[in-house]
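Okay, here's what each chain looks like letter by letter:
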Amino acid sequence: MNGGQDLGGTHGHGPVKPEPNEPVFHDEWEKRACALTLAMSAPGGWNLDMVRFARENRPPREYLSMTYYQIWFAALERMTKERGLVSDDEIEAGHSLYPPKPVRRVLSPGDVAKTLHRGGPTERDTNTKPVFAVGDKVRAKNINPLTHTRLPRYVRGHVGTIERVVGCHVFPDSNAHGGGENPQWLYTVRFDGRELWGADSDATIKVSVDAWEPYLSPTT
Amino acid sequence: MNGAADMGGMHGFGPVVPESNEPVFHARWEGVSFALNMVTGVAKLWNLDAFRFKRESIPPPQYLNLSYYGLWTTTLEQMMLEYGVATPEELAAGHAIQPTKRAPHAVTAADVANMVRCGSPYDRPASAPALFKVGDRVRAKNMHPTTHTRLPRYARGHTGEVVRIVGCHVFPDSNASNAGEDPHWLYTVRFDGRDLWGEDSDPTVRVCIEAWEPYLELA
Amino acid sequence: MQLRTRALETILIEKGYVEQAAIDQLIETYEKKIGPRNGAQVVAKAWVDPKFRQWLFEDGTAAIGSLGFGGRSGNHLVALENTASVHNMVVCTLCSCYPWAVLGLPPLWYKSAPYRSRAVADPRGVLRDFGMELPKDTEIRIWDSTAELRYLVVPMRPAGTEGWSEGKLVELVTRDSMIGTGRPKHPGELP
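This one's a predicted model, so the numbers in the text were calculated from it and none came from an experiment. (Residues numbered from 1 in each chain as written. Chains lettered and ligands numbered in written order. Predicted model: local features only at pLDDT ≥ 70, side-chain atom pairs only at ≥ 80, totals over all residues.)

This next bit is on the overall build of chain C. Each helix and strand in chain C was counted, giving 11 helices and 4 strands. Along the first, second and third principal axes, the C-alpha atoms of chain C reach 55 × 35 × 35 Å. Every one of the 191 residues in chain C was classed for burial, and the buried ones make up 53%. Put simply, of all contacts in chain C between residues at least 6 apart along the chain, 70% involve residues at least 24 apart. (Helix = DSSP H or I, 4+ residues; strand = E, 2+ residues; numbered from the N terminus. Buried ≥ 20, exposed ≤ 12 C-beta atoms within 10 Å, placed from the backbone. Contact = placed C-beta atoms within 7 Å.)

See below:
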């Protein structure tokens, strides 16, 4: 979606402000929000693409004024409520009021290290062949879905070059909305900065994005 | 600039919520904010394009969380500081403390009536003929100035048709930085919705914008 | 936020969806165990071992995996080589994708609007915010992490480190140099 999160190329946010000796978490609650989100994906039965959409799917004024972990927490609350795992009155009360829903898997402490080490690989087997090859010129499509996509606005409509054929990977546009993994060929596409930002812009810039085949069309 | 004001084509703002029997101003302060801004135009303290640029420069989190007249008041405060009309101490105190650095033309009720009647026309004499004619296919340039422009992001790089030659008008991109009015030919350009939003979008949609000549090139 | 988070945590534990000890372990892992030191070890090895270096750029996931790093946000790793003429920078304009497995959790600035908005359009301006200036003809390659590939910048080895052990070289590799917003330390900067 063209939400508040699609920030590439926008202006007005001010300078980057690195914090010296920044702690990993700024508050106790941030640690909890982070850990709960990671731990709940197993019982929640959701995937990372659904999580990302839950974070970005809010009014831009909220997205841009909430802190990072406030957004994580808001998405966690929304997803647990949507799946009937917690209810508003329980959140109000601060403790469980109803019996739990049965879930398929729970993350046990003994499994934490193993689960983190396994991670979430997204490459999948396929019988199809990639349409594009390294060196091909491609145009990023001008798509404007209301749903989840990973094609940022600033590249849409622009011509780039295939730099790498990555493999066949889970397709977020589908996976985020219950359409299944629907794996598609994934490419790294390099754009000249002047193609993106105008003929007068910095000639030394190249920007690469990782784009799935449905995002791209051949240039003719 | 690609600021928070450039909202065309963005998602997530929710439904349009019309208010039945909406008053012109929801509170007197809104009316005052409106009036003060009109007055600064009559008093020629700054130009409208500079004001718009200041408004859209408000950082996005703040911009998106201010009400409409909240934006006007915030911008007005910043313009007053930048143009030496008030100091931070005076804004905090809520009254004048020192003589004004720029003697304003004291705007009277009669001035207001005149302003409402005449407005402030933006057309200017042309120094060269128009480059484009009605029917020409033109492409909106892919430009990303960090300064003021009136070419929205959603139109950039797309091709449309000139449907009207509006005239020669003050050029905001220049006027907003007080670099002069630099008037240019202004056109109404019509885009097919599918060019803007993708092949699968509503084929009955057409979007028109007014675009100055420096924004366009022959397609 | 403290109360709201506590409420949700309490409910989820009471219902048996998650165990307190699992929460604690996740926090411990990312606060103390997984961090930029992992990536620094990868870089230091690439500086001393030409075969590892070649492997790293050919197959980042496998080479880094051989050091025991991988997994969450590290299943698909790509190493980027900084040279005298090319400087790499990594960003995620759409959210905060970051190579957790080698760098830990990202700093706040990486996840915030100023970096996400400007890195792809004005990288030299962003580098100035970090006090860094590059020669005007250096090519700057910015990698927007839009899929599950995670990028690790391999900065150039600082001068004056001939003969240094891997263990000593690790101390020079800063987190920001592995994102592309900083340089490694000079030998003189070590205590």
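So, about the overall build of chain A. For chain A, the count of helices and strands is 8 helices and 5 strands. Across its three principal directions, the C-alpha atoms of chain A cover 60 × 45 × 35 Å. With 220 residues in all, chain A has 47% of them scored as buried. Intrachain contacts of chain A at a sequence separation of at least 6 include 67% that bridge at least 24 residues.

The strands that make up a sheet are held in pairs by hydrogen bonds between backbone atoms, and each pair lies either parallel or antiparallel. Residue and element names in this part refer to chain B. Within the open sheet, the 5 strands sit side by side as β4-β3-β2-β1-β5. Their pairing is antiparallel. In the strand order of this sheet, the two ends are held by β4 (206-212) and β5 (216-218), each with one partner. Each strand axis lies, on average, 40° off the axis of its neighbour in the sheet, ignoring direction. Inspection of the sheet shows strand β2 (residues 159-169) paired to strand β3 (residues 184-192) by 7 bridges, in the antiparallel sense. Note on β3: the bridge partner recorded for G167 is L186. (Pairing = 2+ DSSP bridges. Axes fitted to C-alpha atoms, helices over the stretch in contact; angles between N-to-C directions.)

In this section: the interface of chain C and chain A. Counting residues at the interface gives 64 residues for chain C and 73 residues for chain A. Of all the elements in the fold, those that place two or more residues in the side of chain C that touches chain A are α1 (2-14), α2 (20-33), α7 (108-111), α8 (113-118), α9 (123-129) and β3 (139-144) of chain C. Looking at side-chain class alone, the side of chain C that touches chain A contains 32 nonpolar, 17 polar and 15 charged residues. Pairing between strand β4 (residues 205-212) of chain A and β3(C): 5 bridges, direction parallel. What sits directly across from A:K206, in β3(C), is C:R141. (Nonpolar A, V, L, I, M, F, W, Y, C, P; charged D, E, K, R; others polar.)

The next point concerns the pairing of strand β2 (residues 159-169) of chain A. Residues and elements named next belong to chain A. As paired elements, strand β1 (residues 137-140) and β2 share 3 bridges and run antiparallel to each other. Among the inter-strand pairings, V138 is bridged to a residue of β2, identified as G160. Pairing between β2 and strand β3 (residues 184-192): 7 bridges, direction antiparallel. Residue pairing across strands places G167 opposite L186, the latter belonging to β3.

Segmentation of chain C into domains returns domain 1 (1-33) and domain 2 (35-189). Here domain 1 of chain C and domain 2 of chain C have C-alpha centroids that lie 31 Å from each other. (Domains from an automatic or database assignment.)

Our focus in this paragraph is the domain arrangement of chain A. All names here are of chain A. Per the domain assignment, the segments of chain A are domain 1 (28-118) and domain 2 (137-218). Here the C-alpha centre of domain 2 lies 29 Å away from the C-alpha centre of domain 1. Of the residues lining the interface, 5 residues belong to domain 1; the matching set on domain 2 comes to 4 residues. When grouped by side-chain class, the residues that make up the side of domain 1 that touches domain 2 number 2 nonpolar, 1 polar and 2 charged.

The next point concerns the pairing of β2(B). Pairing geometry for strand β1 (residues 137-140) of chain B and β2(B), over 3 bridges, is antiparallel. Following the sheet pairing, B:R139 is matched in β2(B) by B:T159.

All right, on to the packing of helix α1 (residues 28-44) of chain A against helix α4 (residues 68-82) of chain A then. All names here are of chain A. Relative orientation of the contacting elements α1 and α4 amounts to 35°, with a least axis distance of 9 Å. Considering only the axes of α1 and α4, their crossing is left-handed. On α4, the residues touching E30, A33, C34, L36, T37, M40 and G44 of α1 are Y69, W72, F73, L76, M79 and T80. (Left-handed = near helix turned anticlockwise from the far one by under 90°.)

Attention shifts here to unusual backbone geometry. Positive phi, normally seen in glycine, also occurs at A:N21, with a value near 55°. For A:N21, a count of 4 C-beta atoms within 10 Å puts it in the exposed group. The phi torsion at C:S73 lies on the positive side, around 50°, for a residue other than glycine.

By size, the foremost hydrophobic cluster in this structure holds 118 residues, and its most contacted members are A:L36, A:A39 and C:L152. Here the element with the most residues in this core is α1(A); it accounts for 8 residues. With near-sequence residues (within four places) excluded, A:A39 lies in contact with A:L107, C:V18, C:A22, C:I23 and C:L26. Ranked by size, the runner-up nonpolar core spans 20 residues in total, among them B:A155, B:C168, B:L186 and B:L196. (Core = buried A, V, L, I, M, F, W, Y, C linked by C-beta atoms within 7 Å.)

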